[in-house]
Amino acid sequence: VDTTAPVLTLPADYTAECSDDHPMDEATATDNCGDLSISVETSTIPGSCAGNYTITRVFTATDDCGNASSATQTITIIDTTAPVFTDVPADYTAECSADHPMADASASDNCGETSISVEATTTPGACAGDYTITRVFTATDDCGNASSATQIITIIDTTAPVFTEVPADY
């Protein structure tokens with residue numbers, strides 16, 4: 001009489017970054033009296049954001065006599081990587097009377113969507129035509145990981161006034 005269930009050996013539980021490889025190794029089993037089969041049921045449990053989730057893999061080994069044993073492998077997927085800026089507007093210096101382009105930044109993320117916010121601060125200079133605009137771009141992914149980049153725009157007034165009307169000599 002065979003009343004002994006197979007003995008399962010599972011792949012180890014692990015935690016991995018969402019952009020890393022997620023190996024799905026197979027389980028092995030041994031039985032004391034004969035042939036056996038191994039089945040696996042995989043399910044994914046969503047986490048707090050797109051890059052965080054858990055994969056559970058329930059392995060069941062069954063021998064020819066119907067004896068079975070089950071065990072679960074847990075794979076935890078996390079997103080701890082901040083977005084990376086792919087384009088940040090260059091710093092520049094411009095005359096106060098010239099155009100002052102306010103270009104957008106762009107960023108990418110290893111596991112999802114990225115939103116970019118910008119905060120601009122103006123610092124006065126020595127005169128009305130001299131000032132600095134500091135633009136801090138912040139890229140944030142779905143899991144709250146963030147990175148920042150800064151653009152500095154220096155506005156200067158180096159142009160002397162031009163007389164629009166000069167009284168005639170007399």
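Everything numeric in this text was worked out from a predicted model, so none of it was measured. (Residues numbered from 1 in each chain as written. Predicted model: local features only at pLDDT ≥ 70, side-chain atom pairs only at ≥ 80, totals over all residues. Heavy atoms only, no water.)

**Q** I'm lost on the overall build of the chain in this one. Help?
**A** A count of helical and extended segments in the chain gives zero helices and twelve strands. For the chain, the N- to C-terminal ordering of α and β elements is β-β-β-β-β-β-β-β-β-β-β-β. The C-alpha atoms of the chain give 32 Å as radius of gyration, which overshoots the globular expectation for 170 residues (15 Å, by more than 25%). Among the 170 residues that make up the chain, the fraction classed as buried is 28%. Put simply, 54% of the contacts in the chain that link residues at least 6 apart link residues at least 24 apart. Taken as a whole, the chain presents about 10500 Å² of accessible surface, with 52% of it coming from carbon and sulfur. (Helix = DSSP H or I, 4+ residues; strand = E, 2+ residues; numbered from the N terminus. Rg over C-alpha atoms; globule rule 2.2 N^0.38 Å. Buried < 20%, exposed > 50% of the residue type's maximum accessible area, 1.4 Å probe, protein only. Contact = heavy atoms within 4.5 Å. Areas by Shrake-Rupley, 256 points an atom, 1.4 Å probe, with all protein chains shown as cover.)

**Q** What should I look at first to understand the sheet that holds strand β4 (residues 36–46) in this one?
**A** Hydrogen bonding along the main chain pairs the strands of a sheet, whether they run parallel or antiparallel. The strand order across the open sheet built from four strands is β2-β6-β5-β4, with neighbouring strands paired in mixed fashion. Two strands close off the open sheet at either side, each with one partner strand: β2 (14–17) and β4. Each adjacent strand pair in this sheet contributes to an overall mean axis angle of 20°, direction not counted. Pairing geometry for β4 and strand β5 (residues 53–63), over eleven bridges, is antiparallel. Across the sheet, residue I45 finds its bridge partner in β5, namely T54. (Pairing = 2+ DSSP bridges. Axes fitted to C-alpha atoms, helices over the stretch in contact; angles between N-to-C directions.)

**Q** Please explain the sheet that holds strand β11 (residues 131–141) as it appears in this structure.
**A** As summarised here, the arrangement of the four strands in space is β8-β12-β11-β10, forming an open sheet in which the pairing is mixed. Single-partner strands in this sheet number two, and they are β8 (92–95) and β10 (114–124). The sheet shows a mean angle of 20° between the axes of neighbouring strands, taken without regard to direction. One ladder, built from eleven bridges, connects β10 with β11; its direction is antiparallel. Pairing of V118 across the sheet is with F137, part of β11.

**Q** Help me understand the nonpolar core, please; the structure alone is not making it clear to me.
**A** A general tendency of soluble globular proteins is for nonpolar side chains to be buried together. Counting residues in hydrophobic clusters, the biggest one holds seven residues: Y14, A16, C18, I55, I75, I77 and C111. For this core, the secondary structure elements donating two or more residues are β2 and β6 (68–78). (Core = buried A, V, L, I, M, F, W, Y, C linked by side-chain atoms within 4.5 Å.)

**Q** In this structure, what is going on with the state of the cysteines? I would like to understand it.
**A** In a disulfide, the sulfur atoms of two cysteines are covalently bonded to one another. If you walk through the whole model with that rule in mind, you get two disulfides. C18 shares a disulfide with C111; S-S distance 1.7 Å. For the disulfide bridge between C18 and C111, the dihedral angle about the S-S bond is near 105°, and by the sign convention the bridge is right-handed. Within this pair, whereas C18 is found in the loop between β2 and β3 (28–30), its partner C111 is found in the loop between β9 (106–108) and β10, the two being separated by 93 residues in sequence. There is no split in this pair, since C18 and C111 are both buried. Each disulfide pairs two cysteine sulfurs, and for C49 the partner residue is C143, the sulfurs being separated by 1.7 Å. (Disulfide = S-S within 2.5 Å.)

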